[in-house]
Amino acid sequence: MKRMKQILSILIITIFLGTLFGCGTEPSAHSKDFSDAKNKWTQDSIYIDAHAKKPVKNTKTDMVLDDSSMTVTVTSKKGSPKTTTYTVSGASDGKFTASGDGETIEYTFNYDPGAILLHLYNTDSKGREVHTVYREYSEALPWDDGSANKTNNNTTK
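Anyway, here's the lowdown on the structure attached to this text. Everything quoted here is computed from the prediction, not taken from an experiment.

## Things to note about the overall build of the chain
Consideration 1: Secondary structure summary: the chain contains two helices and nine strands in total.
Consideration 2: Ordered by position from the N terminus, the helices and strands of the chain form the series α-α-β-β-β-β-β-β-β-β-β.
Consideration 3: Here the chain holds 157 residues, and 27% of them are scored as buried.
Consideration 4: Across the chain, the fraction of contacts at a sequence separation of at least 24, relative to all contacts at a separation of at least 6, is 42%.
Consideration 5: Summed over its atoms, the accessible surface of the chain is roughly 11,200 Å², and 53% of this surface lies on carbon and sulfur atoms.

## A look at unusual backbone geometry
Consideration 1: Phi at aspartate 93 takes a positive value of approximately 45 degrees, unusual for a residue other than glycine.
Consideration 2: Summarising the element assignment, aspartate 93 is placed in the loop between strand 5 (82-92) and strand 6 (95-100).
Consideration 3: Non-glycine residue aspartate 101 carries a positive phi angle of around 55 degrees.
Consideration 4: Exposure remark for aspartate 101: the relative accessible area of 57% places this residue in the exposed category.

## Overview of the side chain of asparagine 122
Consideration 1: As for its position among the elements, asparagine 122 is in strand 8 (residues 117-123).
Consideration 2: When its relative accessible area of 14% is taken as the criterion, asparagine 122 is described as buried.
Consideration 3: With near-sequence residues (within four places) excluded, asparagine 122 lies in contact with Ile105, Glu106, Tyr107, Arg128, Glu129 and Val130.

## Overview of the packing of aromatic side chains
Consideration 1: Per the stated rule, a full pass over the model turns up five aromatic pairs.
Consideration 2: Between the aromatic rings of phenylalanine 34 and phenylalanine 109, the centroid separation amounts to 5.9 Å while the plane-to-plane angle is 70 degrees, which identifies the pairing as edge-to-face. One end of the pair, phenylalanine 34, is in helix 2 (residues 34-37); the other, phenylalanine 109, is in strand 7 (residues 103-112), and 75 residues separate them in sequence.
Consideration 3: Judged by relative accessible area, phenylalanine 34 falls into the buried class, the value being 8%.
Consideration 4: By relative accessible area, which is 2% here, phenylalanine 109 ends up buried.
Consideration 5: Across from the ring centre of tyrosine 137, 4.2 Å away, lies the NZ or CZ of lysine 40, which sits over that ring.

Criteria and thresholds
Residues numbered from 1 in each chain as written. Predicted model: local features only at pLDDT ≥ 70, side-chain atom pairs only at ≥ 80, totals over all residues. Heavy atoms only, no water. Helix = DSSP H or I, 4+ residues; strand = E, 2+ residues; numbered from the N terminus. Buried < 20%, exposed > 50% of the residue type's maximum accessible area, 1.4 Å probe, protein only. Contact = heavy atoms within 4.5 Å. Areas by Shrake-Rupley, 256 points an atom, 1.4 Å probe, with all protein chains shown as cover. Phe/Tyr/Trp six-rings, centres within 6.5 Å; stacked < 30°, edge-to-face > 60°. Lys NZ or Arg CZ within 6 Å of the ring centre and 35° of its normal.

Structure, rendered in structure tokens:
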């Protein structure tokens, strides 16, 4: 009986501490508020018809999204960056339209505040669903291992 009381008290303390520190609670809900999407982003991954594709290691895609425009810059290891600016309209309730460069793209989106990820969904010209994930902006280039900024301290005598 004494052993049973010990086990029961440990179980109650564990449950109490778990609820006290938020264990087992649901993560933050995703937001469809356009003000949460307005930011500078770096592409993390892309899914075409639910098949995941990581960004190509020798390119980097950045996006700046604000009330009136969406600017996408693709930086390649070889060649100069290519920037395309789209006009944003109809931004509300998890949707917006981007027009420019001879095309109009309708997006749905949601923002994950816990992971700081922006999910964009659209349909490409072949009718495939495209799901692009953007993470918080990073200046790092995928092909830069950081060695460019290091100096060689090896000296020979």
